[in-house]
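# Chain and residue survey
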Amino acid sequence: MVTQRDLLFRAGQLAALFVMFCLGLVDVAGGLTSDGRAVALLRVLVAVSTAAVWLPLYKQGSRRLPLAATVVAGGSLLVTVAVWASASGLGGSYGFAETAGLLGVLFMVARRGHPRWSIIAVLALGLAIGILPLRADDNYYMVIIGLIQGLVATAVIGAGVYLRTVEANRRRAMDSVRAEQRAEFARDLHDFIAHHVTGIVVQAQGARYVAEQDPKRAVEALERIEAAGAETMASMRRMVGVLRDPDARPDAPLAPLAGVDELTPLLEQFTAAGGPLARLHVEGDTAGIPVEVSTSAYRVVMEALTNIRRHARGARVADVWVRRTPDWLLVRVANDGLEASASPKDAPGYGLVGLQERVRTVGGRITAGPGIDGGWVVDAALPLDRETAW
């Protein structure tokens, strides 16, 4: 697909070709053929070859570009030597079109060429541009023009390197954003899907246990498994929507939205899936909580409940406290299990790591450890205003 940027680039190239054509006419009018037909033909070929080098579109770090540029620079230097050695001597135009073409090649090498391979090409092009005026004469005036062209070549190199640096910084920024998006997707995948799948596994185990004793309860368990599976698919669709092209799906949500107000159904599902009795305690008004804070609180509770289901053996109750202060949203999840949940060091995973990253993103902090009376306690403090962050 041709973009507007590509069209502007091609239009600029056509304008540059037109300028080279006009400069070529100036060269002919200035006595381009005074060196003889053979040398004049070589000068025209070199000027045309420069356009053949900078016209194509090159990928960043191209090795072919500096190689072609070195060949063109070598041809220009040979033509200069041929002009000096010609029987007619110096005189006429030294090649304005060729100068412009070599500057264009120099810019492209500095902009797109492979760093190591471009060193020789830049040196050869700079030398060819600097001594080009000496084709007309070797007096002091032409030496000054050669030095001026050398300064222009240096400016062209600087412009190419500057644009190269800007693009590299932009690419690094985009790579960083992509890495953050992948990390976000990994956290969403763990928080939503792992939670639901764990519940499905527990319910399937319970259904298998009671199938022979109470078929009716087994049917109810299968219905809950079906509902959990449907919710898992809905979460997957929301996360896939995050990865879709926003131009193709403008209505796709940027992230699965679930906050403090959705904690009640979350705890009900947790209890219905065969986990400990989950109780919610809310202090303060939950209206108007920033969406990133509300979503982070929901994720903290979800991950803590998932860990209770996996690790808190003998737990009968899971208490969730949500307290809103003027500046903070405080979240605590605790259970009364006889055995504390496994330490993150003993059971490495991405759940707590993802929570720590998410909580730090909003400026808060989170701690997790064994409770005084057993079980496992997760505490999170989320600032309602970034100015109050830790």
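Criteria and cut-off values
- Residues numbered from 1 in each chain as written.
- Predicted model: local features only at pLDDT ≥ 70, side-chain atom pairs only at ≥ 80, totals over all residues.
- Heavy atoms only, no water.
- Pairing = 2+ DSSP bridges.
- Helix = DSSP H or I, 4+ residues; strand = E, 2+ residues; numbered from the N terminus.
- Axes fitted to C-alpha atoms, helices over the stretch in contact; angles between N-to-C directions.
- Contact = heavy atoms within 4.5 Å.
- Core = buried A, V, L, I, M, F, W, Y, C linked by side-chain atoms within 4.5 Å.
- Buried < 20%, exposed > 50% of the residue type's maximum accessible area, 1.4 Å probe, protein only.
- Expected span 1.5 Å × (residues − 1).
- Polar contact = N/O pair within 3.5 Å; in protein donor to acceptor, adjacent residues only side chain to side chain.
- Patch = residues over 30% accessible without salt bridge, like charges linked within 9 Å, V, L, I, M, F, W, Y side chains within 5 Å.
- Areas by Shrake-Rupley, 256 points an atom, 1.4 Å probe, with all protein chains shown as cover.
- Salt bridge = Lys/Arg side-chain N within 4 Å of Asp/Glu carboxyl O.
- Parallel < 35°, antiparallel > 145°, perpendicular 65-115°, else oblique.
- Left-handed = near helix turned anticlockwise from the far one by under 90°.
- pLDDT = per-residue confidence, 0-100.
- Phe/Tyr/Trp six-rings, centres within 6.5 Å; stacked < 30°, edge-to-face > 60°.

Let us look at the sheet that holds strand β4 (residues 365-370). Across the sheet, 5 strands lie side by side as β1-β2-β3-β5-β4; this open sheet has mixed pairing. The outermost strands of the open sheet, each flanked by one partner alone, are β1 (277-283) and β4. This sheet shows a mean twist of 10 degrees between the axes of neighbouring strands, independent of strand direction. Where helix α8 (residues 263-272) meets the sheet, it contacts β1 and β2 (317-324), and its direction lies at approximately 165 degrees from that of β1. Its contacts with the sheet put helix α9 (residues 291-311) on β2, β3 (328-335), β4 and β5 (376-383), and the angle it makes with β3 is roughly 10 degrees.

Moving on, we get to the nonpolar core. By size, the foremost hydrophobic cluster in this structure holds 34 residues, and its most contacted members are Leu266, Val300, Val301, Leu305, Leu329 and Val333. Broken down by secondary-structure element, the contributors of at least two residues to this core are α8, α9, β2, β3, α10 (351-361) and β5. Per-element tally for this core: the top contributor is α9, with 9 residues. Residue contacts for Val300: discarding those within four places in its chain leaves Val331, Leu355, Val359, Ile366, Val378 and Ala380.

What follows deals with helix α5 (residues 115-131). Taking 1.5 Å as the rise per residue, α5 with 17 residues should run 24 Å; its terminal C-alpha atoms sit 25 Å apart, in good agreement. Every buried residue belonging to α5 is among Ser118, Ala121, Ala124, Leu125, Ala128, Ile129 and Ile131, and all of these are buried.

Moving on, we get to the environment of Asp285. Inspection of the secondary structure puts Asp285 in the loop between β1 and α9. Side-chain polar atoms of Asp285 contact the backbone nitrogen of Ala287, separated by 3.1 Å.

Quick look at the pairing of β5 now. Of all 8 residues in β5, 7 are buried; the element is thus mostly enclosed. Summarising the sheet, β3 and β5 pair through 7 bridges and their orientation is antiparallel. Looking at the pairing, Arg332 lines up with Asp379 of β5. The loop that links β4 with its antiparallel partner β5 comprises 5 residues; one of these, Gly374, has a positive phi angle of about 100 degrees.

Judged by side-chain polarity, Phe18, Val19, Phe21 and Leu25 come together as a nonpolar surface patch covering roughly 420 Å² of accessible area. Looking at where Phe18 falls in the secondary structure, it is placed in helix α1 (residues 4-29). With a relative accessible area of 53%, Phe18 lands in the exposed category.

Take the packing of helix α4 (residues 96-112) against α5 next. Contact pair α4 / α5: the axes reach a minimum separation of 10 Å and the direction vectors enclose 160 degrees. Between α4 and α5, the angle is such that the two are roughly antiparallel. In the crossing of α4 with α5, the sense of the turn from one axis to the other is left-handed. Residues Leu102, Leu103, Val105, Leu106 and Val109 of α4 form the contact with α5, whose own contacting residues are Ser118, Ala121, Val122, Leu125, Ala128 and Ile129.

A separate point is the confidence of the model for the protein chain. Averaged over every residue, the pLDDT of the protein chain is 78; residues scoring 70 or more account for 77%. Segment residues 245-256 is flagged for pLDDT under 50; beyond a separation of four residues in sequence, or across chains, it makes 13 contacts in the model. The model gives residues 341-348 a pLDDT under 50, and that stretch makes 12 contacts with residues more than four places away or in other chains.

Turning next to the pattern of salt bridges. Throughout the structure, instances matching the rule amount to 8 salt bridges. Arg316 is paired through a salt bridge with Asp336; the nearest N and O atoms lie 3.6 Å apart. Here Asp336 lies in the loop between β3 and α10 and Arg316 lies in the loop between α9 and β2, a separation of 20 residues in the sequence. Through salt bridges with shared partners, a single network forms among Arg111, Arg112, Glu167 and Arg171.

Moving on: the pairing of β3. β3 sits mainly inside the fold: 6 of its 8 residues count as buried. Relative to β3, β2 runs antiparallel, the two being bridged by 7 bridges. Counterpart to Trp321 in the pairing with β3 is Arg332. Here β2 folds back onto β3 in antiparallel fashion, the turn holding 3 residues.

Taken as a whole, this structure holds 1 aromatic pair when the rule is applied. Ring centres of Tyr94 and Phe96 lie 5.0 Å apart, and the angle between their planes is 55 degrees; on these two criteria the pair is classed as tilted. Taking relative accessible area as the criterion, Tyr94 reaches 8% and is therefore assigned buried. For Phe96, a relative accessible area of 33% puts it in the partly exposed group.

Tracing the sequence through the fold places Ala381 in strand β5. According to the relative accessible area criterion, Ala381 is buried, its value standing at 10%. Measuring from C-alpha to C-alpha, the distance between Ala381 and Val359 comes to 8.3 Å, with 22 residues separating the pair along the chain.

Checked against the element boundaries, His114 lands in the loop between α4 and α5. Judged by its relative accessible area of 16%, His114 falls in the buried class. With near-sequence residues (within four places) excluded, His114 lies in contact with Gly61, Ser62, Arg63, Pro66 and Arg164.

Turning our eyes to something else, we now look at the environment of Glu220. By the element assignment, Glu220 lies in helix α7 (residues 215-243). Sequence spacing of Glu220 and Ala207 is 13 residues, and the spatial spacing of their C-alpha atoms is 8.5 Å.

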